Amino acid sequence: MPTVSTPAAVLHCIDKGPATAPAVVLLHGFPVHAGMWAAQLDALSDTHRVIALDARGFGGSPRTGPYSIDTLADDVHALQRELNLGRFALAGLSMGGYVALAYASKYAQDLRGLVLVDTKPEADNAEAKETRTKSAQTARQQGAKPIADTMLPKLIGQTTANTRPQVVAALRQMMEAADPEAIALAQEAMRDRPDRTAMLGSIAVPTLVVCGDADTITPPDLMRKMHQAIPNSRFELIPQSGHMTPMEQPEAVTRAMEAFLGTL
Ligand code: MLT
C-alpha cells in the first residue's frame, strides 16, 4: 500500500488495478478507513485503477492537527497530482461524500464523474453541532469504544444486523481501532462544514447517487432530493441496507458503480 507525501500531509492509500486504466478514487466514511471499500476495490480494479484513500488520522494516514473538510478535498487534489491521475471519478461515502462535494466545488475540472453514497449536502443544525462537540470530547476522554457503541446500531440496517455478523464485526473492529484524537478532529471538521446545497445545480459531471433503503442517517427521501438537484444524476436505491451500503450490500453497490463508470 503506497504512502504519498504531499506538501501538506502524508497520505496512505490502497492503489489497485492497471496504472493506465481510468482512475476512481474512493473516500471512506467516519470513523472507519479505506478498508470499507474492500469489495469494490477487488471488483472494480479489473477495469479501473482504484485508489482508496485513508483520510488524515485514519487507517494508515498519520494524524495532523485541526483541519477542515476542504483540507481533505485539498489532500485528494494533491494525491491526484502526485499519482498523475488526470481526470478521474470520485466516490465518497457519508463523510467521504462531504469531501467529494467540497472537491466538486473546488476542483470540478479534475472530475469525470461523481458517486455520492449515503451522504448529504446539508450542514449540521445547532443540535447536531452540539452532539459532535460532545462526541469529540467523549473520544478524547474515553477513547474510540463508546463512539463505536453509539454509532454502530445507527450505521447498519436490520438485515445486516440480523444476518451478516461478519460485516458487523468488521465494522466494529475498524471503529474501535480508530485513533480517538482523529475521531475528535473529524467530528470537529464535519461540525464546521458549510452547507453545499446551493452548489448542487452547478455539478456538471455525470453523478451517481446511492442510498441504502434503510439508511436512517441519510435517508432515501433526503438523498432523492439531492439527486433531483444535481442535473446529470441518477439515483440507485440499494435494498436491505442501512448507511454502510458498500459493506452491507457489496455486490449491489459494485454493480451500480460498474454500470455508472461504464458510461463515463
Ligand atoms: C459517516 O458515515 O461518515 C458519518 O455518519 C458522517 C456523519 O457523522 O455525518
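Analysis parameters
Residues numbered from 1 in each chain as written. Predicted model: local features only at pLDDT ≥ 70, side-chain atom pairs only at ≥ 80, totals over all residues. Heavy atoms only, no water. Phe/Tyr/Trp six-rings, centres within 6.5 Å; stacked < 30°, edge-to-face > 60°. Helix = DSSP H or I, 4+ residues; strand = E, 2+ residues; numbered from the N terminus. Buried < 20%, exposed > 50% of the residue type's maximum accessible area, 1.4 Å probe, protein only. Near = heavy atom within 4 Å. Polar contact = N/O pair within 3.5 Å; in protein donor to acceptor, adjacent residues only side chain to side chain. Areas by Shrake-Rupley, 256 points an atom, 1.4 Å probe, with all protein chains shown as cover. Nonpolar A, V, L, I, M, F, W, Y, C, P; charged D, E, K, R; others polar. Pairing = 2+ DSSP bridges. Axes fitted to C-alpha atoms, helices over the stretch in contact; angles between N-to-C directions. Contact = heavy atoms within 4.5 Å.

Taken as a whole and assessed by the stated rule, the structure comprises three aromatic pairs. Judged by centre distance (6.4 Å) and plane angle (80°), the ring pair of Phe30 and Phe58 falls under edge-to-face. Placement of the pair is Phe30 in the loop between strand 3 (23–27) and helix 1 (38–44) and Phe58 in the loop between strand 4 (49–54) and helix 2 (69–82), with a sequence separation of 28 residues. In this structure Phe58 comes out as buried when scored by relative accessible area, which is 2%. When the centroid spacing of 5.6 Å and the interplanar angle of 75° are considered together, the rings of Phe88 and Tyr103 count as edge-to-face. Linking Phe88 in strand 5 (residues 88–93) with Tyr103 in helix 3 (residues 95–106), this pair joins segments that are 15 residues apart in sequence. Tyr103 carries the same exposure label as Phe88, and that label is buried.

The next point concerns the site of the ligand. Lining the immediate surroundings of the ligand are Gly29, Phe30, Ser94, Met95, Tyr98, Arg132, Met190 and His243. Phe30 has a polar backbone atom sitting 2.7 Å from an oxygen atom of the ligand. Within the side chain of His243, a nitrogen or oxygen atom sits 3.0 Å from an oxygen atom of the ligand. In the complex, the protein chains occlude 93% of the 270 Å² of accessible area that the ligand would expose alone. Among the residues forming the shell around the ligand, the class breakdown is four nonpolar, three polar and one charged.

Another aspect to go through is the pairing of strand 5. The buried fraction of strand 5 is high, at six of six residues. With burial as the criterion, each face of strand 5 is covered, one bearing Phe88, Leu90 and Gly92 and the other bearing Ala89, Ala91 and Leu93. One ladder, built from four bridges, connects strand 3 with strand 5; its direction is parallel. Bridging across to strand 5, Leu27 finds its partner in Gly92.

Let's shift gears to the sheet that holds strand 3. Overall, mixed pairing links the eight strands, which are arranged 1-2-4-3-5-6-7-8 in an open sheet. With partners counted over all chains shown, the strands left at the sheet margins are strand 1 (3–5) and strand 8 (233–238), one partner each. Direction aside, neighbouring strands of the sheet carry axes that sit 25° apart on average. By the bridge criterion, five bridges tie strand 2 (residues 10–16) to strand 4 in an arrangement that is antiparallel. Within strand 4, the residue paired with Cys13 across the bridge is Leu53. Most of the contacts of helix 3 go to strand 5, to which it runs at about 140°, and overall it touches strand 3, strand 5 and strand 6 (111–117).

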